[in-house]
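Topology and contacts: notes
Each chain is listed here by its residues.
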Amino acid sequence: MLSLPDGLRLPTARVPITTKTFASGVLPPVVCYFATACLVLIPRTQPVRIVLWPITAILAFRAATSLDMCMGQPKLDFLNIDLQLFMFCIAARTFEWTVQKKPFIRVARRSSKRNYVLDTLDLVCNLRGCGWDWSQGLHIPPETHPTSSRLAFATSNLVSGLKHLFLCGAIHSAVQSFSPETFGSVNGGTIFDESLPLHFRYLRSSTIATLCAFGVYTILQAAYELTAVLCVLLFRQHPDQWPPSFDSPWCSTSLREFWSRRWHQWFRRLFIFLGGYPLSLLFGRFGGVIGAFLTSGFFHHLALLAIDPSSEMWRMLLPFGMMGAGVIIERVVAGNKTGGWMGWIWTMCWLVFWGNVMVDGWARAGMLGGSSVLDSATPVRQPIERLVRTFEEYLHAC
């Protein structure tokens, strides 16, 4: 009876990350990722990619489910989330590259001579497809940092990145202060306080959900800007290769504007390919919208599985699916004319309402109880915790 080689066998339990397990678990799918990225730039390589993809998918699944990145510290479980999503992206992106018949073309090249090494590096790191022929329809926000020189661009990104990192820590501390023993810890718990009257219960949960939304924004913004600093200074990349990811999402006056222009578009291509295209073939344009959002919901469900295998999928599929439904409602009712202050109220109410369900799913899985950059900064945390306690006491006293 045939058996898989040891390197392809699926795991039975997670093992701590070490130099050895990193080399045997993480590196193989990453090497396959780079190899497929190089091959999709070269004509007539699809047969090789077809053979390589199943190996890549098995290796990625094996890495995502066999390694424990938190090294026995539950507050570092977010590292397992990062690993699991990274491996999912490897499997999904290489699958798209496998079915691609024509080679990808990098249209924004600073030299007329093609460099396959640099193009491969850019392709594996460029989730949005900035400067590639496959990113039609992608919205690039206007630049907010100076681009006159690499140093000026990097300095501005560094200051902004550190600012957003601090804000993320402050927001995270505030969220955890609402319930340190339940969802403010790795044990998890609901954001809905059953002891409060209905209107105050949802005022509290909506406050938590809004804080979490800004927390996600600040940590992603900080990670992107600090990575841009390294790539521009150390790898001599041009500032044009690091356009902004966000465009003031709180100013959105429609759901379509929020999700297609103002929120980050890092996984746009992935969600359209995996969910949008298939459902659009079955149910037309509206099916494509729902398919892309359901794929996003599944993606976020995978994140929760890394820390809570018992997490229920509907807690992510429902809110993300309803985001797609909201986009369709806009289109049917108002066409492309949604906007103004009424559009802003509609957008924020829909985001906050379903954001309650989404964030409650995160809270129940223990995602909000992870470590923060301000964990040891007691002088900063104390006034935040006092402010949250005052708000909690007000709600319970009314």
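This text goes with the structure placed above it.
Figured I'd write up the structure that's included with this text. Nothing here was measured: the structure is a model prediction, and the numbers come from that model.

1. Side note on the environment of leucine 167
Within the secondary structure, leucine 167 sits in helix α5 (residues 150-177). Through-space distance from the C-alpha of leucine 167 to that of tryptophan 97 is 38 Å; in sequence the pair is 70 residues apart.

2. Overview of the environment of leucine 294
Along the chain, the position of leucine 294 falls in helix α8 (residues 268-305). Residue classification places leucine 294 among the partly exposed residues on the basis of a relative accessible area of 31%. Along the primary structure leucine 294 and serine 135 are separated by 159 residues, whereas in three dimensions their C-alpha atoms are 21 Å apart. Apart from the residues within four sequence positions on either side, leucine 294 is in contact with Leu317 and Gly321.

3. Some details on the packing of α5 against helix α6 (residues 198-234)
Interhelical geometry of α5 versus α6 gives an angle of 150° and a closest axis separation of 7 Å. Looking at the two axes, α5 sits roughly antiparallel to α6. Seen from above, α5 lies across α6 with left-handed handedness. Split by residue class, the contact of α5 with α6 holds 22 nonpolar, 7 polar and 2 charged.

4. Examining the packing of aromatic side chains
Applying the stated criterion across every chain yields a total of 25 aromatic pairs. A ring pair is formed by tyrosine 217 and phenylalanine 246, whose centres lie 4.9 Å apart and whose planes are at 80°; its orientation type is edge-to-face. Here the residue tyrosine 217 occupies a position in helix α6, and phenylalanine 246 occupies one in the loop between α6 and α7 (255-262), the gap between them amounting to 29 residues. Summarising the burial analysis for this pair, tyrosine 217 and phenylalanine 246 share the class buried. The interplanar angle of 40° and the centroid separation of 5.0 Å between the aromatic rings of tryptophan 346 and tryptophan 350 together place this pair among those described as tilted. In this pair, tryptophan 346 and tryptophan 350 are both assigned in helix α10 (residues 340-365), 4 residues apart and thus about one turn of the helix distant. By the ring-pair criterion, three or more aromatic residues cluster together here, those being Phe214, Tyr217, Phe246, Trp250, Phe258, Trp259, Trp263 and Phe293.

5. What about the pattern of salt bridges?
Evaluation of the coordinates by the stated rule reveals 12 salt bridges. Between aspartate 122 and arginine 106 there is a salt bridge, with its nearest N and O atoms 3.6 Å apart. Placement of aspartate 122 in helix α4 (residues 116-125) and of arginine 106 in the loop between α3 (78-99) and α4 is noted, with a sequence separation of 16 residues between them. For aspartate 122, a relative accessible area of 9% translates into the label buried. Here arginine 262 ties to aspartate 247 by a salt bridge, and the two come within 3.8 Å at their closest N and O atoms.

6. Re the nonpolar core
With 56 residues, the main nonpolar core has Phe183, Ile208, Val359, Trp362 and Leu368 as its most contacted residues. Secondary-structure elements contributing two or more residues to this core are α3, α5, α6, α7, α8, α9 (314-334), α10 and α11 (378-397). The element best represented in this core is α10, accounting for 10 residues. What tryptophan 362 contacts, discounting residues up to four positions off in sequence, is Cys212, Val216, Leu304, Met316, Met367 and Leu368. One finds Ile17, Ala60, Ala64 and Ala91 within the second-largest nonpolar core, a separate group that totals 21 residues.

Thresholds, definitions, all that
Residues numbered from 1 in each chain as written. Predicted model: local features only at pLDDT ≥ 70, side-chain atom pairs only at ≥ 80, totals over all residues. Heavy atoms only, no water. Helix = DSSP H or I, 4+ residues; strand = E, 2+ residues; numbered from the N terminus. Buried < 20%, exposed > 50% of the residue type's maximum accessible area, 1.4 Å probe, protein only. Contact = heavy atoms within 4.5 Å. Axes fitted to C-alpha atoms, helices over the stretch in contact; angles between N-to-C directions. Parallel < 35°, antiparallel > 145°, perpendicular 65-115°, else oblique. Left-handed = near helix turned anticlockwise from the far one by under 90°. Nonpolar A, V, L, I, M, F, W, Y, C, P; charged D, E, K, R; others polar. Phe/Tyr/Trp six-rings, centres within 6.5 Å; stacked < 30°, edge-to-face > 60°. Salt bridge = Lys/Arg side-chain N within 4 Å of Asp/Glu carboxyl O. Core = buried A, V, L, I, M, F, W, Y, C linked by side-chain atoms within 4.5 Å.

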